[in-house]
Structures are given as structure tokens and as C-alpha cells.
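Now for the letters of each chain:
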Amino acid sequence: EMLEKGGYDHFMMKEIYEQPRSIRDCMRGRIYPERGIVQLGGIKEYTEKLKNIDRIIIVACGTSWHAGLVGEYLIEEYARVPVEVEYASEFRYRNPIISEKDLVIAISQSGETADTMAAIELAKEKGATIFGICNVVGASIPRITHAGVYTHAGPEIGVASTKAFTAQVTALTLMAFYIAQQRGTITQGKLIEYLTELNEIPDLIEKALQANDQIKEIAATYKDSNNCLFLGRGSSFPVALEGALKLKEISYIHAEGYPAAEMKHGPIALIDAEMPVVFIATKNSSHEKVVSNIQEVKARGGKVIAIVTEGDTIIKGMAEHVIEIPQTGEAFVPLLATIPLQLLSYHIAVMRGCNVDQPRNLAKSVTVE
Ligand code: G6P
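Residues numbered from 1 in each chain as written. Predicted model: local features only at pLDDT ≥ 70, side-chain atom pairs only at ≥ 80, totals over all residues.

### Regarding the sheet that holds strand E11 (residues 303–309)
Turning to step 1, where the next piece is worked out: Strand order in the open sheet formed by 5 strands is E9-E8-E10-E11-E12, and the pairing between neighbours is parallel. Lying at the two open borders of the sheet, with one neighbouring strand each, are strand E9 (254–259) and strand E12 (321–325). Here the strands of the sheet are splayed against their neighbours by 20° on average, with no regard to which way each runs.
Turning to step 2, where the next piece is worked out: Bridge count between strand E8 (residues 227–232) and E9: 6 bridges; the pairing is parallel. Following the sheet pairing, Asn 227 is matched in E9 by His 254.
Turning to step 3, where the next piece is worked out: The strands that helix H12 (residues 287–299) touches are E8, strand E10 (276–280) and E11; relative to E11, the one it contacts most, it runs at about 165°. (Pairing = 2+ DSSP bridges. Helix = DSSP H or I, 4+ residues; strand = E, 2+ residues; numbered from the N terminus. Axes fitted to C-alpha atoms, helices over the stretch in contact; angles between N-to-C directions. Contact = placed C-beta atoms within 7 Å.)

This is how it looks when you write it as C-alpha cells:
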């Protein structure tokens, strides 16, 4: 088994470290940065259809649902199509309004999740076009969808999803640019710029992983916490949700993810000296706002762990801990900001003596309702 874990103590750690490779595999043969072209063979027959859709509905569960929320930002920003993201389990029982002008994107690592399958069947009956984003080749979901894109992250053994999540976000990024390209909502010049940045992400993840020792020290400080809050704005909000899910799944610490600006409508009441608050506070359009959210937490004695863009001196002077990630375009921040959160959860769970790869009560895929 040690051999299977590639020298790591757990599959989860191995899979975290595989991400530069898994993301590269997800992009291979699909992007041509010099020419500003995205090619997705799995959906190319639906190119005409993509020009005429009115709306996209993303259905998924768990971590895949979080990837869907990142996808919502990317698709709306670049392809300018309205997107809704639904929990598959809710969608199927809601008598949803769907037509032939809707595109449904079902996201599933395993391709076997019962609720997601039922949501697909329902949307299909109502005439929607269904794309799948799956990791397991030949699984049930890819077989019932009209078309799709495999994430190619390779087998994921750890129950808590890591590399499958970043591969899903990568696939959604490609899909956002692909749809934008077909609908003419993005210029060739911009595509060249974005694809060049996207192509560098695997190397930047490699750099982000170098914070591992520092993150281990931070984990030692907070391993006995009972609660933890994760805050982010824009597409970093789903990253916060995913960070909280990871921590609660494997360490059993109660954790919540919130949009940073919503903190004042509830979670702020929980903040005291015992409360670690993780901020995704990278340099982007909402940086200033996040800085003021950090000040609000500090004023109440909360302990701030901030994920920042390298060289950010403003937040360094305010937070207990800063974890730097490399500079990248705003669209790609989720791919980098996720890495330190995975490592933080991992180390905290190990220090608490938890079964990291097989947390209690959880299954890798849920094939019953
Ligand atoms: C289970 C797993 C999660 C996963 C979710 C959806 O709860 O423990 O890691 O995110 O199912 O699974 P899927 O295979 O559809 O992505």
C-alpha cells in the first residue's frame, strides 16, 4: 500500500501533490495558447447548439457542486450566459422549469452519484441538452449524457476530493472559454492572454505546494479548535465553501464557508479569540473590501489566517498568518487558493489522529438516494 501511496503517508497527500500533473492532463490537447484556441472534442457536435442556448443549469453534489459555483462565475463572466447552480438532490424534487433552450451541465467525479443521475434523467425528459463533466471514464453519468468532457485527473482514492475538484474547475474554465469562443463574447487577443495564464497554472501550483511546511506549523496552532470560518468574495466564495467542507469532512471540526461580506449578517456573532478565520484575500478587484472584512474580525479578537498574493504587505501587517500563493489572473485564483486549504485540512486532521483517507460516515460515491 505504501507503494500505491507513492511514498506519502496518505492517498489524500499524494493526490494533493499530483495536482500540477492532473491539471496538465485535463488541459492536454485542449488549449492552444499561442493561437488562442480551445478545443473540446467531447462537445464539438454541440457547437451550433451552444450559440442558441438561453441558460445553463449546473447540477452536482458535494465538492462537485462547489466546482459548479466556480463555473458559474467563469461562464457568466466570459460566455455571458446566465447560469444557475443546483444541488442535484433539490433540483430533482422541485418540478424545475426547463426547456430545449437550456443546457444542463452535470458534474460528478465518480459519475455514479444517484441524485445527480436522477437530475439528469429529469432534465433530459424535459428536452434539455445535457453535458457531463466526469472523472471516471465510462461511468454511468457519461453514458446517459449527450456529450461531455472528462477531467482526466486519474483515480482518486481519498474520500475527500482534492485533485478531482481542481480538475473539475479546470474543465469548467475550458468550457467557459469554449462557449465564449463559440458565442463571440471573447476576443482572440483575450483568449491568447487567458490561455497563456491558464497554461502556467500547473507550475504555479507547484510553487503553492512549497508552503507545506509553513502550513503544517499553522495547523499545529489551530488543531484543537472547535470551529473555523472560511471567507471569500466572488469566485473565492466557493473556494471558502470547499475549504470548510474539507476541514469538517476529515478533521470533524465544525467549519462554515461564507461570502466575506455576509459575515456581518450572522457569523460575526461567533467571532472571539477562539475562532480561527481563514480569508481568501488575494489581490483582485475585491481586495480592499476583504481587507476591511479582516479588520472587522481583528477588532473582535478573531485569529486571521489569510491566503494572499505573494508580496502583499498590507495583509501581512494585519493577519496572524499569511500564506502566499503566486500572482495569477482573477479567473484562475480558485485553482491556486484551493491548494493551501487542502494542506491545512490535511495536517489538522492528521494531528488530531483522524482517518484522513476514510473519514467516518462518508463514502467516496453515494449511489443511493
Ligand atoms: C460524496 C463524496 C464527495 C463528493 C460527492 C459527489 O459525498 O464523499 O467527495 O464530492 O459524493 O460525488 P461525485 O462523484 O458525484 O462528484
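### Quick word on the pairing of strand E6 (residues 129–134)
Turning to step 1, where the next piece is worked out: Of all 6 residues making up E6, 6 are buried, and the element is well covered by its neighbours.
Turning to step 2, where the next piece is worked out: Burial along E6 is two-sided: the residues Thr 129, Phe 131 and Ile 133 and Ile 130, Gly 132 and Cys 134 are all buried.
Turning to step 3, where the next piece is worked out: The β-α-β motif built from strand E5 (residues 102–108), the intervening helix H6 (residues 114–125) and the parallel element E6 has right-handed crossover chirality.
Turning to step 4, where the next piece is worked out: As paired elements, E6 and strand E7 (residues 147–150) share 4 bridges and run parallel to each other. Its bridge partner being in E7, Ile 133 is matched across the sheet by Val 149. (Buried ≥ 20, exposed ≤ 12 C-beta atoms within 10 Å, placed from the backbone. Right-handed = clockwise from strand over helix to strand, strands pointing away.)

### A short note on the environment of Ile 186
Turning to step 1, where the next piece is worked out: Along the chain, Ile 186 turns up in the loop between helix H8 (163–183) and helix H9 (188–209).
Turning to step 2, where the next piece is worked out: A residue is classified by how many C-beta atoms lie within 10 Å of it, and Ile 186, with 21 of them, is buried.
Turning to step 3, where the next piece is worked out: Linking Ile 186 and Ala 79, residues 107 residues apart in sequence, is a C-alpha distance of 7.4 Å.
Turning to step 4, where the next piece is worked out: Dropping the residues within four chain positions of it, Ile 186 is found in contact with Tyr 78, Phe 177, Ala 180, Gln 181 and Leu 191.

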